[in-house]
Amino acid sequence: MPSARLLVLFGSQTGTAQDVSERLGREARRRQLSCRVEALDSYPVVNLINEPVVIFVCATAGQGDPPDNMKSFWRFIFRRSLPSTALRQMDFAVLGLGDSSYAKFNFVAKKLHRRLLQLGGSALLPVCLGDDQHELGPDAAIDPWLQDLWEKVLGPHPVPLNLGLNPPGVPWPSKFTLQFLKDTPTSGPEELCVAGTDPQGPPSELQPFLAPMVSNQRVTGPSHFQDVRLIEFDISGSGMSFAAGDVVLIQPENTASHVQQFCQALGLDPEQHFTLQPREPGVTCPAQLPQPCSMRRLVSQYLDIASVPRRSFFELLACLSPHELEREKLREFSSAQGQEELCEYCTRPRRTALEVLCDFPHTAAAIPPDYLLDLLPLIRPRAFSIASSLRAHPSRLQILVAVVQYRTRLREPRRGLCSSWLASLDPVQGPVRVPLWVRSGGLTFPKTPGVPVIMVGPGTGVAPFRAAIQERVAQGETGNVLFFGCRRRDQDFYWEAEWEQLQARGCLTLVTAFSREQEQQAYVQHRLRALGPLVWELLDGRGARFYLAGNAKHMPADVCDTLLSIFREEGGLSAPDATAYLAQLQRTRRFQTETWA
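Throughout this document, residue positions are counted from 1 along each chain, in the order its sequence is written. Per-residue local features of the predicted model are confined to residues with pLDDT of at least 70, and side-chain atom pairs are confined, for both listing and counting, to 80 or more; whole-chain, interface and lining totals are unaffected and use all residues. With hydrogens and water excluded, all non-hydrogen atoms of the structure serve as input to the side-chain values.

Identification of the protein as NADPH-dependent diflavin oxidoreductase 1 from Ovis aries is taken from an unreviewed UniProt entry. UniProt positions are given in the numbering used here, feature names are shortened, and annotations may be inferred rather than shown by experiment. In the Subunit (unreviewed entry) part of its UniProt record, the protein is described as follows: "Interacts with CIAPIN1; as part of the cytosolic iron-sulfur (Fe-S) protein assembly (CIA) machinery. Interacts with DCPS."

Draft legend 1. Structural view of the side chain of Arg-351. Runs of E in the DSSP output that reach at least two residues are strands. Runs of H or I that reach at least four are helices, and both are numbered from the N terminus. For Arg-351, the location among the structural elements is in the loop between α9 (339-347) and α10 (353-359). In this structure Arg-351 touches Ser-307, Val-308, Pro-309, Tyr-345, Cys-346, Val-356, Asp-359, Arg-409, Leu-410 and Arg-414, once residues within four positions along its chain are discounted. Only heavy atoms enter the contact rule, under which two residues are in contact if any of them lie within 4.5 Å.

Draft legend 2. Region of the structure containing the sheet that holds strand β12 (residues 293-294). The criterion for strand pairing is that DSSP finds at least two bridges linking the strands in question. Read across the open sheet, the 3 strands follow the order β7-β11-β12; overall the sheet is antiparallel. For this open sheet the edge positions go to β7 (176-180) and β12, each flanked by a neighbour on one side alone.

Draft legend 3. Up close: the UniProt feature "binding site: FAD" (unreviewed entry) in the protein. Summarizing the sequence annotation, UniProt attributes the feature "binding site: FAD" (unreviewed entry) to Arg-350, Arg-382, Ala-383, Phe-384, Ser-385, Gly-416, Leu-417, Cys-418, Ser-419 and Trp-596 in the numbering used throughout. Across 247 residues, the annotated set is spatially dispersed, with a maximum C-alpha separation of 25.7 Å. Along the polypeptide, Ala-383 turns up in strand β13 (residues 382-385). Judged by its relative accessible area of 43%, Ala-383 is partly exposed. Excluding residues that lie within four positions of it along the chain, Ala-383 makes contacts with Val-248, Leu-249 and Arg-439. Its place among the elements puts Trp-596 in strand β22 (residues 591-596). A 1.4 Å probe rolled over the protein chains alone gives each residue an accessible area, and that area as a share of the maximum for its type sets the label: buried under 20%, exposed over 50%, partly exposed in between. With a relative accessible area of 31%, Trp-596 lands in the partly exposed category. Dropping the residues within four chain positions of it, Trp-596 is found in contact with Tyr-102, Thr-460, Gly-461, Gly-550, Asn-551 and Ala-552.

Draft legend 4. The arrangement of the sheet that holds strand β9 (residues 228-234) in detail. Read across the sheet, 6 strands follow the order β13-β10-β17-β8-β9-β14 without closing on themselves; strand pairing throughout is antiparallel. With one partner strand each, in any of the chains shown, β13 and β14 (396-402) form the two edges of the open sheet. Averaged over neighbouring strand pairs, the angle between their axes works out to 40° when direction is ignored. With 4 bridges connecting them, strand β10 (residues 247-250) and strand β17 (residues 433-439) associate as antiparallel partners. Directly across from Ile-250, in β17, lies its bridge partner Leu-436. Comment: axis = line fitted to C-alpha atoms, over the contacting stretch for helices; angle = value between 0 and 180 degrees taken between N-to-C directions.

Draft legend 5. Representation of unusual backbone geometry in the model. For the bond from Gln-291 to Pro-292, the omega torsion is -5°, close enough to zero to count as cis. Along the chain, Pro-292 falls in the loop between β11 (273-278) and β12. Positive phi outside glycine occurs at Arg-350, with the angle close to 60°. Mapped onto the secondary structure, Arg-350 falls in the loop between α9 and α10. The backbone phi angle of Arg-589 is positive, close to 60°, even though this residue is not glycine. Within the secondary structure layout, Arg-589 lies in the loop between α20 (575-587) and β22.

Draft legend 6. Representation of the pairing of strand β21 (residues 545-551) within the structure. Where burial is concerned, most of β21 is hidden: 5 out of the 7 residues are buried. Pairing geometry for strand β18 (residues 453-456) and β21, over 4 bridges, is parallel. Bridge pairing links Met-455 to Tyr-547 in β21. By the bridge criterion, 6 bridges tie β21 to β22 in an arrangement that is parallel. Within β22, the position partnered with Gly-550 by the bridge is Thr-595.

Draft legend 7. Structural view of the domain arrangement of the protein. Residue ranges assigned to each domain were obtained from an automatic or database domain assignment. According to the domain assignment, the protein contains domain 1 (5-154), domain 2 (209-251 + 381-439), domain 3 (256-375) and domain 4 (453-595). A separation of 45 Å is found between the C-alpha centroids of domain 3 and domain 4.

Draft legend 8. Seen up close, the environment of Phe-333. Here Phe-333 shows up in helix α8 (residues 324-334). Residue Phe-333 is classed as buried on the basis of its relative accessible area of 2%. Sequence separation between Phe-333 and Phe-313 is 20 residues; the distance between their C-alpha atoms is 9.8 Å. Every residue in contact with Phe-333, bar those within four places of it in the chain, is listed here: Arg-311, Phe-314, Gly-338, Gln-339, Glu-341, Leu-342, Tyr-345 and Phe-360.

Draft legend 9. Summary view of the environment of Gly-62. Structurally, Gly-62 can be placed in the loop between β3 (53-59) and α2 (71-77). Judged by its relative accessible area of 37%, Gly-62 is partly exposed. Each C-alpha atom of the pair Gly-62 and Ile-367 lies 37 Å from the other, and the pair is 305 residues apart in sequence.

Draft legend 10. Representation of the UniProt feature "domain: Flavodoxin-like" (unreviewed entry) in the protein in the model. When the UniProt feature table is mapped to this numbering, "domain: Flavodoxin-like" (unreviewed entry) covers residues 6-150. With 32% helix and 22% strand, residues 6-150 has end C-alpha atoms that lie 11 Å from one another.

Draft legend 11. Structural detail: the pattern of salt bridges. Salt bridges are defined as contacts in which a side-chain nitrogen from Lys or Arg sits within 4 Å of a carboxyl oxygen from Asp or Glu. In the structure shown here, the tally under the stated rule is 32 salt bridges. The salt bridge partner of Glu-22 is Lys-175, with a shortest N-O separation of 3.1 Å. With Glu-22 in helix α1 (residues 16-30) and Lys-175 in the loop between α4 (139-154) and β7, this pair connects stretches of sequence that are 153 residues apart. Given the relative accessible area of 34%, Lys-175 is considered partly exposed. Two residues, Arg-311 and Asp-139, come together in a salt bridge whose shortest N-O distance is 3.4 Å. Of this pair, Arg-311 sits in helix α7 (residues 311-320) while Asp-139 sits in helix α4, and the two are 172 residues apart along the sequence. Taken together, the shared-partner salt bridges connect Arg-23, Glu-27, Arg-31, Asp-139, Asp-143 and Arg-311 into one network.

Draft legend 12. A look at the packing of aromatic side chains. When the centres of two rings from Phe, Tyr and Trp lie within 6.5 Å, Trp using its six-membered ring, the rings pair. Their planes under 30 degrees apart give stacked, over 60 give edge-to-face, and anything left gives tilted. In the structure shown here, the tally under the stated rule is 16 aromatic pairs. Taking 5.4 Å as the distance between ring centres and 80° as the angle between the ring planes, the aromatic pair formed by Phe-313 and Phe-314 counts as edge-to-face. No difference in accessibility class separates Phe-313 from Phe-314, as the two residues are buried. Aromatic pair Trp-536 and Phe-567: ring centres 5.7 Å apart, planes at 55°, arrangement tilted.

Draft legend 13. Broad picture of the packing of helix α5 (residues 256-266) against helix α6 (residues 295-302). Between α5 and α6, the shortest axis-to-axis distance is 10 Å and the interhelical angle comes to 125°. Looking at the two axes, α5 sits oblique to α6. The hand of the α5/α6 crossing is right-handed. Each of Val-259, Phe-262 and Cys-263 in α5 lies in contact with α6, whose residues at this interface are Arg-296, Val-299 and Ser-300. Roughly parallel refers to an angle under 35 degrees, roughly antiparallel to one over 145, roughly perpendicular to one between 65 and 115, and oblique to any angle outside these ranges. Left-handed describes a crossing in which the near helix is turned anticlockwise from the far one by less than a right angle; the clockwise case is right-handed.

Here you go:
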């Protein structure tokens with residue numbers, strides 16, 4: 001290796017890969033290594049030919065998909081025109097983050113590792129496969145892998161004796177400093193400030209559209225275990241357009257009570273305004289954050305105080321704590337040996353960052369404001385399938401939201417930040433505006449007239465198919481087959497009247513599975529198998545497209561197994577040929593999925 005310069009590139013969907021990458025950066029700097037940490041799509045990928053040592057940290061999203069912030073890199077690195085010697089000067093290592101309950105566990109990391117070898121790169125280590133399913137989480141694989149990594153990286157470049165390692169208990173410098181203002185700015189209502197790019201451009205994360213909420217209606221029965229909402233927004237004048245299969249991203253907020261509790265715990269004045277200054281050159285401030293900003297706005301709209309904190313949170317808290325007993329406990333939680341106890345205290349019961357800070361009051365009260373953005377991640381936007389078509393509902397956008405609430409051993413129920421926030425908004429009580437923008441989704445529907453579609457969407461997985469059916473019916477397409485499943489017809493049968501009306505008009509074939517209405521539970525895969533001859537005829541005889549949306553845990557695998565049995569029994573294919581047939585449907589995008597955990 002010609003240099004000890006290190007580059008860490010990450011592809012992150014939920015923030016875990018970014019957190020691991022920043023941990024790598026801290027450990028590198030503690031070892032006196034020059035290190036940059038960047039998102040893959042923010043890095044000029046053509047510069048890879050000049051990088052001596054690169055660590056790639058990649059999550060796997062959906063069904064083996066790359067995260068959104070590495071999709072451009074992914075397309076580039078798999079270009080067939082790239083020469084096999086393109087990266088011959090580069091030593092690399094790949095750290096993957098995934099969930100072994102999914103069929104394509106760590107698919108992105110494994111595939112990237114192979115591709116980098118094909119392009120001439122030299123692997124420092126075998127690919128690391130972090131697993132969410134491990135009782136200690138991905139750190140169970142990451143900790144020993146990192147030890148081996150530093151030995152490989154530092155082998156040719158030992159730390160000079162006069163430098164040594166920076167002590168692990170000393171806090172690293174904060175990324176930013178907060179410059180508090182003496183006077184409150186008089187620039188108008190702060191809540192209407194939007195960090196901006198071109199105001200004429202389409203809405204985006206940097207400039208969301210503040211969409212008026214038109215209605216917020218519960219669509220499950222009063223005795224149903226889950227609160228599911230059909231929410232409609234007015235997008236007139238937004239410049240947004242979307243097609244069936246697209247998604248809307250919504251930027252949620254923390255509750256006012258949690259904001260007040262956080263400010264009290266840390267001794268912060270919610271009305272105090274500040275500007276943010278990077279501590280090092282080359283570091284940019286979060287583009288979404290207005291300058292100046294009030295502490296109330298920072299905590300309510302940006303800092304994810306309701307997230308379950310990661311190990312790095314405890315590591316930094318331990319460095320900042322002035323209280324001996326609290327500091328010892330925090331050090332234990334951040335150590336490799338303390339991961340089982342951390343899992344029991346925090347990860348398993350889903351304890352939030354705010355709750356942890358309240359458990360360590362002396363430490364919380366001593367946190368310098370400069371460290372707030374190092375300690376807590378920014379609130380990430382949540383994606384929802386769009387459940388309506390502009391052809392059926394002009395200037396409107398609808399979503400179907402299952403409100404997340406469940407119990408652990410903690411006294412307070414656990415609540416999903418975005419779904420609970422949306423459920424709390426009531427446009428009947430007064431105007432409500434929600435920051436949102438749209439992007440292309442994972443499902444694309446046929447543009448060629450006459451192509452039938454088979455859609456399997458149990459529960460809220462039916463949302464994108466409502467948009468597709470509305471769009472296709474408006475275009476005169478009648479080859480629409482929908483398999484819908486729920487618990488009970490009278491409790492969670494979303495859009496029952498709409499489906500029945502379309503069926504009466506000959507625009508839809510609806511097949512339902514109500515799992516709790518008979519002694520033997522029936523699911524969509526059972527209905528699919530019962531109609532095997534129709535499914536085979538549509539797929540093999542009429543070139544139909546097959547779509548699947550819903551919970552990723554068991555349903556996708558069950559549906560795929562059912563399809564394989566249909567191909568064998570109705571199509572007369574051998575087991576290997578049935579598997580190849582399904583793979584061909586997936587490769588040609590005649591079989592598409594959109595699933596979530």
